Amino acid sequence: MDIANYIYLSALLFTIGAIGVVVRRNAIVVFMCVELMLNAANLAFVTFSRVHGNLSGQVASFFTMVVAACEVVVGLAIIVTIYRSRRSASVDDASLLKR
Amino acid sequence: MTTSTSLVYLIALPLFSAGLLLLLGRIADKWGHIFATLVSASVFVIGVMEFFAMQGREGEARAATQKVFEWISVGTFQVDASLLLDQLSICFVLLISGVGTLIHIYSIAYMSHDRDRRRFFAYLNLFIAAMLLLVLGDSYLNLYVGWEGVGLASYLLIGFWNQKPAYATAAKKAFVANRVGDVGLSLAIMIAFTQFGTVTFAGVKEGASGASAGALTAIGAMLLLAAAGKSAQFPLQSWLGDAMAGPTPVSALIHAATMVTAGVYLITRSNFIFDASPTAQLMVVIVGAITLLFGALIGTAKDDIKKALAASTMSQIGYMILATGLGPVGYAFAIMHLITHGFFKAGMFLGAGSVMHGMNDEVNMRRYGAIRKVMPITAATFGLGYLAILGVPPFAGFYSKDKIIETAFYAGGVEGILLGGATLLGAGITAFYMTRVMVLTFAGTKRWDENAHPHESPFLMWAPMAVLAVGSVASGFLLNSGNALVNWLEPVVNESHEHHSEHFLPPLAISAMALVVVAIGVAFAILKYRTVPVVAPENVTGFTKAARKDLYQDSFNEAVFMRPGQKLTAGLVKTDYKVIDGLVRVVGWVIQISASSIRNIQSGYVRSYALIMVLGVLALVAAVWMVTL
């Protein structure tokens, strides 16, 4: 199977994630889209690891997963707290940090 | 050179006393004046002891030095706080501490009704300390510290009654005029340092022999500027008349006997500079000649007794400055006149203070008259000073002033005739205005204010006057007998014992001429002031009007320096506000405007931030792609 297909899939997943971040308002969905982008990057790492025949890419993907896990813990905590205080998980409602 | 350990006490004692009296405040009110007077007297005693110790040493060993501490040590630049007591300094030490002590005693009575008498005495002691540092420093930098110190003391004492705005202004005027001179002194020190790499008198003297004429003339001119500021010489003389705002003992001590003669000291001390630069010497004699006539002319029209005496001081210091400009032969006579002047002028100022004390602080001589009947001692002591300043033999002024006139005539050529003529004319005018002061104050009829009840001053006041009167009588004879002072100062000023053989005028003829001129001046004054109107007449000659206004020096200063100076500062303030501040304001304004439009991007919407980030990354990738393509 052509190795380029993995790259195409990775790019497709990343684009879907990026578009999701930009267009969706629900914080949870935005969050999941961010995860999707991270995993697209992971796929690219692993693919290139295979292409170059060394393990660096695989190691990098582990790091990404660890970071993603931490991010989920912190991010979900923030989202839940915002939801509790404002009764809304819309990212557009949390727009006080302006000017 | 002998090393000494006691010189520092000459300065430390009065300085300590001044600090103590100022710090203790009202606690010391009861005994402050006694303490300060005792300190001053003990300084005089130390001075006398040093003088006799010097008599016991011969030749080179006569001068004594003391290194107090290492002051500045930067690389090769070394300045020690060292004191030098030589034949010249000791004259000043004795004059300052001797006259100073007499004036301390006088002030105990004169200032007895002043609630700030302790502060007054603290300042007097501060002055004594600074003045002694001025004459004892062994380098120009040490001298400079004393120079500034006496300026400060003078400022504080002129403005002692600073609750009167006019007096405070007079103090400021004196300080500013002195400052102009101080700039000259600091420049002279800097030039000396760049030229010779040292600022000690000995070092500069050594270097002066090999220095360029231009450098020496520059140093000499700057030293002359300094001397003009401190000694109230033309063109910086205008402050001295106003300085009479200070209490009369201050006028006697600082503005007659000691501080204003610092310029004469400076030039005499720097004789090696002036001897090597005829241009600088010429400037000195010109300044001296102008000032001696200038001061004398102002003196003829002043009705304020203290201002008349101040003008006289200016004129007499003009004589001394002129003498210092005449080269090695003149220095000793300048110092002799300085010492005799210290006696008779201080005595006359104290006499004026005594009259004022009895006349409710009236200073207008037109309201005096016939005071000799109620104040016989004051009149007698003042009269002795008067005879001395006139140069009547055998009083002190005869010996010192005649020598200066003689030396001026012997300067040779046209210069000699001009200078001799100026000094002779000055002597005549001096006789006129001093007789005027005498006649207006002590002779004639009573023109007193109805509240005035003049009475003789207490013992504490007339005793110092009497001592100074004795000095006015005897000092000239003593200093001149066997050329005592000339021989004494010879090691410092390098008197070359030139013998004036082929002079067209023998000394006796010059003395006779001087006496005739003086007699004319006296006769003229007596005739003119047989009747004295109580209010100064208005229909006077333009000359008198000019003299009343100090020959328009103040107006000149105001028109040439003060007004343009104010315009300049106003212009600078405007430039600062419009140009400098304007630039800063424009920068701030641009930043403000641009920031307020740029910050609209900060919407607070996370999604728009994310979109911008994505677009940014895309732009970056596109840019990299373009470059690698």
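The structure contained in this document is the topic of the report that follows. For every chain, the first residue of the written sequence is number 1, and numbering continues from 1 onward in sequence order. Note on labels: chains are lettered from A, ligands numbered from 1, in written order. Side-chain atom pairs in this predicted model are given and counted only at pLDDT of 80 or more, local residue features only at pLDDT of at least 70, and totals for whole chains, interfaces and linings cover all residues. Derived side-chain values reflect all non-hydrogen atoms in the structure, with water molecules and hydrogen atoms excluded from consideration.

### Examining the pairing of strand β3 (residues 77-85) of chain B
Residue and element names in this part refer to chain B.
Next, step 1: For the exposure calls, accessible area comes from a 1.4 Å probe over protein chains only, and a residue counts as buried if that area is under 20% of its type's maximum, exposed if over 50%, partly exposed in between. Helix and strand labels come from DSSP, where a helix needs a run of H or I of at least four residues and a strand needs a run of E of at least two; each type is numbered from the N terminus. Along β3, seven of the nine residues are buried, which leaves the element largely enclosed by surrounding structure.
Next, step 2: Here strand β2 (residues 64-74) pairs with β3 via nine bridges, running antiparallel. Each bridged residue has a counterpart across the sheet, and for Q66 the counterpart in β3 is L83. When DSSP locates at least two bridges between a pair of strands, those strands are taken to pair.

### So, the pattern of salt bridges
Residue and element names in this part refer to chain B.
Next, step 1: Whenever a carboxyl oxygen of Asp or Glu lies within 4 Å of a side-chain nitrogen of Lys or Arg, that contact is scored as a salt bridge. Evaluated as defined, the whole model comprises 16 salt bridges over all chains.
Next, step 2: Across the pair R118 and D29 runs a salt bridge, and its minimum N-O distance is 2.8 Å. In this pair, R118 sits in helix α4 (residues 117-136) while D29 sits in the loop between α1 (7-24) and α2 (32-55), placing the two residues 89 residues apart along the sequence.
Next, step 3: Of the residues examined, R118 reaches a relative accessible area of 8% and is grouped as buried.
Next, step 4: The residue R366 makes a salt bridge to D303 at a minimum N-O spacing of 2.9 Å. Of this pair, R366 sits in the loop between α15 (328-358) and α16 (376-390) while D303 sits in the loop between α13 (278-299) and α14 (305-324), and the two are 63 residues apart along the sequence.
Next, step 5: With a relative accessible area of 5%, R366 lands in the buried category.
Next, step 6: With relative accessibility at 14%, the residue D303 sits in the buried group.
Next, step 7: One network of salt bridges, in which partners are shared, links R26, D29, D116, R118 and R119.

### Concerning the interface of chain A and chain B
Next, step 1: The contact criterion used is simple: two residues touch if any of their non-hydrogen atoms lie within 4.5 Å. At the junction of the two partners, chain A supplies 12 residues and chain B supplies 10 residues.
Next, step 2: Note on terms: buried area is the combined drop in 1.4 Å-probe accessible area of two parts once they are placed together, counting the loss on both. Regarding the contact of chain A and chain B, the summed buried area is about 1,000 Å², with carbon and sulfur atoms giving 57% of it.
Next, step 3: One salt bridge in this structure joins R607(B) and D92(A), with 2.7 Å as the shortest N-O distance.
Next, step 4: Identification of polar contacts relies on pairs of N or O atoms within 3.5 Å, with a donor-acceptor requirement for protein atoms, meaning one able to donate a hydrogen and the other able to accept it, and with residues adjacent in sequence counted only if both atoms are side-chain atoms. Our count for the chain A to chain B interface comes out at three residue pairs in polar contact (both at pLDDT 80 or more).

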